[in-house]
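One letter stands for each residue in the lines below.
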Amino acid sequence: MCIRDRHKNGEIIYCNDSFTKIFQLKRENVLGKNPFREIVDPEYYKLLEKKFTRGNTEPFIIKAKRKDDQVIYLECEGKALIINDERYQVASLRDVTSRVIAENALKESEATLASLFKAAPIGIGMVKDRSFIVINDEICKMLGYKRKELIGQSSRMIYESDQEYIRVGEIKYEKISEQGIGSVETRFVKKNGDVIEVFLSSTPINQEDISKGVIFTVMDMTDIKKSQRIQDVLYNISTSVGRSDNLNDLFSNIHVELESLLDTSNFFIALYDKEKDLMHLPYMKDTKKVFESFPAGDTITSLVIKNKISYFLKDHDIDELAKKNLIKRYGAPAKVWVGVPLKVEDEPIGVMVLQNYEDEHAYDQRDLELLETIAPQIGLSILRKKNEEELKWIQKNLMEAQRVASLGSWERDLETGQTYWSDQFYRICGLEPGSVTPSPELAGSIIHEDDRQEAEKAIENTINTGKPYSLESRIVLPDRSVRYVLSKGEVIRNGGESPKKLIGSYLDITHRVEAQLALRESEEKYRNLAENAPYG
């Protein structure tokens with residue numbers, strides 16, 4: 001404390017020990033002087049003089065510097081004092097440096113948090129009793145609401161249902177009680193009705209008293225989740241080739257996969273027959289009418305094929321194309337039509353189409369881009385399945401031809417020893433197809449022992465020289481009966497000209513050989529009769 005003479009430029013006429021201690025000054029350096037000019041920050045000194053000229057003052061803060069140059073903060077309060085009609089002022093000072101430093105640090109921390117709160121790329125807010133108390137701009141942006149539309153409202157308003165609101169609350173608060181933090185994935189409903197997928201994480205301000213409020217963060221996971229689903233769809237479509245019995249099964253599987261991403265109520269896949277200029281529709285789901293095929297002609301679908309590009313068309317876009325005679329309208333008019341080419345090596349083999357007859361906003365450009373992302377895999381899958389079906393058809397006909405001709409084929413990989421027998425080869429050998437594992441040793445054991453060495457030499461010579469072999473042999477069936485076969489074989493070489501594979505066949509010639517033997521036996525019999533006849 002000190003007493004200042006208001007008539008002598010604020011000179012100090014009295015000070016106590018605390019005053020000198022605060023400033024690290026001696027009493028003789030204070031009395032009769034105004035040390036505030038030297039030790040108080042210039043800006044704060046102006047404030048001090050302005051306040052003190054008023055006489056009595058409310059407490060205020062000034063910044064000063066001690067003798068050792070340490071900055072201190074003082075809380076000052078002035079009281080008017082009149083002695084013998086002379087006006088003085090009692091100045092009380094209290095060192096509040098620690099408090100001011102703490103308050104400044106708190107303000108700085110609050111400013112930092114406020115900046116983070118505002119600039120954070122995720123939603124941050126606080127709820128009490130699950131009602132919004134504080135939210136940042138990102139939450140407003142995420143949900144499409146203004147801040148005033150959310151503050152004070154129950155968070156139930158952004159959930160799809162009461163059940164989901166209750167489910168999230170139960171999971172979240174159970175985890176908070178166990179771990180201090182509760183995280184859960186859920187879905188929020190935006191102001192415009194769109195649904196977004198989010199990751200919600202919450203922690204209470206006071207772990208002991210959750211009623212004081214809960215801080216939460218929310219991250220929009222919609223794009224991430226959609227990207228994951230797209231990857232899953234691409235994988236599932238690629239593997240569905242092996243899981244599908246035929247093309248119809250493949251198309252059905254593709255439809256199911258696309259349903260997880262888009263509205264496929266009106267969906268079809270059209271395959272283009274270039275020779276007939278015809279669109280075959282092996283798969284079509286439609287709420288209006290289902291077609292099996294239609295002339296490509298001047299349809300919108302043919303436009304995709306001819307120009308090799310995708311089209312996103314609203315009703316008025318289709319009208320414009322029709323007015324320009326680029327297309328003609330067929331079937332029920334669609335409010336929105338989305339078509340993408342299914343290409344193989346940059347050549348369209350067909351078109352994948354989505355359409356909606358009632359809502360022109362059912363699809364947007366993002367859906368077109370999504371279909372364009374998936375289309376190459378679908379095109380490749382369709383080609384693979386078609387090739388697979390054609391190969392099965394060829395194999396089926398080959399097997400039937402082998403059965404009718406009693407011709408069985410075999411292959412042997414000369415590097416691994418792996419051997420393949422056709423079904424008819426098994427049958428010729430008196431075995432059920434697939435009943436035993438084929439091997440070179442087993443094949444050799446079936447050959448009649450008197451013919452085995454010749455057959456083995458023929459195979460060895462073919463491997464060494466590359467010359468095909470052909471010979472007749474006998475084979476012994478499991479019931480010990482004997483069949484005659486015409487055995488042929490040749491070598492398939494790799495790029496280095498070394499033998500890679502040995503392929504061959506058995507033609508069952510039993511009936512022919514038996515007929516020849518019977519004829520020979522008959523001729524021999526008649527010859528003997530003729531030679532031994534008693535007459536000439």
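Residues numbered from 1 in each chain as written. Predicted model: local features only at pLDDT ≥ 70, side-chain atom pairs only at ≥ 80, totals over all residues. Heavy atoms only, no water.

### Things to note about the nonpolar core
Line of reasoning, step 1. In terms of nonpolar packing, the biggest core is built from 31 residues, with Phe-251, Val-338, Met-352, Ile-374, Ile-378 and Ile-382 touching the most fellow members.
Line of reasoning, step 2. For this core, the secondary-structure elements that each account for two or more residues are α8 (222–243), α9 (247–259), β11 (267–273), β15 (336–344), β16 (347–356) and α12 (365–405).
Line of reasoning, step 3. No other element matches α12, which puts seven residues into this core.
Line of reasoning, step 4. Setting aside chain neighbours within four positions, we find Val-338 in contact with Tyr-311, Phe-312, Met-352, Val-353, Leu-354, Tyr-363, Leu-368 and Leu-371. (Core = buried A, V, L, I, M, F, W, Y, C linked by side-chain atoms within 4.5 Å. Buried < 20%, exposed > 50% of the residue type's maximum accessible area, 1.4 Å probe, protein only. Helix = DSSP H or I, 4+ residues; strand = E, 2+ residues; numbered from the N terminus. Contact = heavy atoms within 4.5 Å.)

### Structural notes on the sheet that holds strand β21 (residues 499–508)
Line of reasoning, step 1. Spatial ordering of the open sheet is given by β18-β17-β21-β20-β19, a layout of five strands whose pairing is antiparallel. Here the strands that pair on one side only, and so sit at the sheet edges, are β18 (419–421) and β19 (469–476). Adjacent strand axes in the sheet meet at a mean angle of 25 degrees, parallel and antiparallel pairs treated alike.
Line of reasoning, step 2. Both strand β17 (residues 407–413) and β18 contribute to a ladder of three bridges, which runs antiparallel. When the bridges of β18 are listed, Trp-410 appears paired with Trp-421.
Line of reasoning, step 3. Against the sheet, helix α15 (residues 449–465) engages β17, β19, β20 (482–493) and β21, with an angle of about 145 degrees to β19. (Pairing = 2+ DSSP bridges. Axes fitted to C-alpha atoms, helices over the stretch in contact; angles between N-to-C directions.)

### Some details on a nonpolar patch on the surface
Line of reasoning, step 1. On the surface, a cluster of nonpolar side chains totalling about 260 Å² of accessible area is made up of Met-1, Ile-13 and Tyr-14.
Line of reasoning, step 2. Relative to the elements of secondary structure, Met-1 occurs in the segment before β1 (2–5).
Line of reasoning, step 3. The class of Met-1 is partly exposed, set by a relative accessible area of 32%. (Patch = residues over 30% accessible without salt bridge, like charges linked within 9 Å, V, L, I, M, F, W, Y side chains within 5 Å. Areas by Shrake-Rupley, 256 points an atom, 1.4 Å probe, with all protein chains shown as cover. Salt bridge = Lys/Arg side-chain N within 4 Å of Asp/Glu carboxyl O.)

### Considerations on the packing of α8 against α9
Line of reasoning, step 1. Orientation of α8 relative to α9, taken along the N-to-C sense of each, is 160 degrees, at an axis distance of 9 Å. Viewed along their axes, α8 and α9 adopt a mutual orientation that is roughly antiparallel. For the pair α8 and α9, the sense of crossing is right-handed. Facing α8, whose interface residues are Val-233, Asn-236, Ile-237, Ser-240, Val-241 and Arg-243, α9 presents Leu-250, Asn-253, Ile-254 and Glu-257.
Line of reasoning, step 2. Its residues assigned to classes, the contact of α8 with α9 comprises five nonpolar, three polar and two charged. (Parallel < 35°, antiparallel > 145°, perpendicular 65-115°, else oblique. Left-handed = near helix turned anticlockwise from the far one by under 90°. Nonpolar A, V, L, I, M, F, W, Y, C, P; charged D, E, K, R; others polar.)

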